[in-house]
Amino acid sequence: MKKIIGFTLAFVLVAVGVINIDWNRLGKENVYVQVGEVTNVEETTLDSGDVVRRYTYETKAYTKDGEPQNVTFSAAKALRQGAFLMLYMKDDAVTSYDEVGASDVPEAAREKL
């Protein structure tokens, strides 16, 4: 009986862990940007008549070592200008982002931003 409870508990913990993992961030490279002007706004009208906007940004990002990299990413809302973002990259594509404080940006990247 103790083995069944142990296996059940282990299964539940693994299942909860797999469900809560953000696969868009796990094991990705990070680059840093400072939000500037929106490059493009795409509008889509849904069948309900609602308009959905997608804000696209094209800018230069920097690795933790200060190496430049051109990136394009989009957001469901206009981002706060001047905010620092940590972008998660895989194969030169942005998979996700987090807003971070200036102190969280590595010094080499912060100097270039």
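Notes on the structure in this doc start here. All of these numbers come straight from a predicted model, not from anything done at the bench. (Residues numbered from 1 in each chain as written. Predicted model: local features only at pLDDT ≥ 70, side-chain atom pairs only at ≥ 80, totals over all residues. Heavy atoms only, no water.)

On to the overall build of the chain, then. Counting secondary structure elements, the chain contains two helices and six strands. Helices (α) and strands (β) of the chain occur, in sequence order from the N terminus, as α-β-β-β-β-β-β-α. Each of the 113 residues in the chain was classed as buried or not, and the buried ones make up 25%. Residue pairs in contact within the chain that sit at least 24 positions apart in sequence constitute 41% of those at least 6 positions apart. When the accessible surface of the chain is totalled, it reaches about 8000 Å², and 53% of it is carbon and sulfur. (Helix = DSSP H or I, 4+ residues; strand = E, 2+ residues; numbered from the N terminus. Buried < 20%, exposed > 50% of the residue type's maximum accessible area, 1.4 Å probe, protein only. Contact = heavy atoms within 4.5 Å. Areas by Shrake-Rupley, 256 points an atom, 1.4 Å probe, with all protein chains shown as cover.)

By the bridge criterion, six bridges tie strand E2 (residues 40–45) to strand E3 (residues 51–62) in an arrangement that is antiparallel. Within E3, the residue paired with Thr45 across the bridge is Val51. Linking E2 back to E3 in an antiparallel pair, the connection comprises five residues, with Gly49 at a positive phi of about 95 degrees. In this sheet, strand E4 (residues 68–75) lies alongside E3 in antiparallel orientation, the contact comprising eight bridges. (Pairing = 2+ DSSP bridges.)

Turning to the side chain of Thr63, a few remarks are in order. Inspection of the secondary structure puts Thr63 in the loop between E3 and E4. Thr63 sits in the buried class, given a relative accessible area of 17%. Aside from chain neighbours lying at most four places away, what touches Thr63 is Asn30, Val31, Gln69 and Ala109.

With that out of the way, let us pick up the side chain of Thr56. Its location among the elements puts Thr56 in strand E3. Once residues lying within four places of it in the same chain are set aside, the contact partners of Thr56 are Val38, Thr39, Asn40, Glu42, Thr72, Phe73 and Ser74.

What follows concerns unusual backbone geometry. Unlike most non-glycine residues, Asp91 shows phi in positive territory, near 55 degrees. With respect to the helices, strands and loops of the structure, Asp91 is situated in the loop between strand E5 (84–90) and strand E6 (93–100). The exposure class assigned to Asp91 is exposed, which follows from its relative accessible area of 70%. If you check the backbone angles, Asp92 has positive phi at about 65 degrees while not being a glycine. Following the sequence through the fold, Asp92 ends up in the loop between E5 and E6. By relative accessible area, Asp92 is classed as exposed at 67%.

Glancing now at the pairing of E6. Here E5 runs beside E6; their pairing, made up of seven bridges, is antiparallel. From the neighbouring strand, Lys90 faces E6, where its bridge partner is Ala93. Remark: two residues form the turn of the hairpin made by E5 and E6, two consecutive strands paired antiparallel; Asp91 in that turn has positive phi of roughly 55 degrees.

So far we have only geometry, and geometry alone does not tell us how the molecule works.
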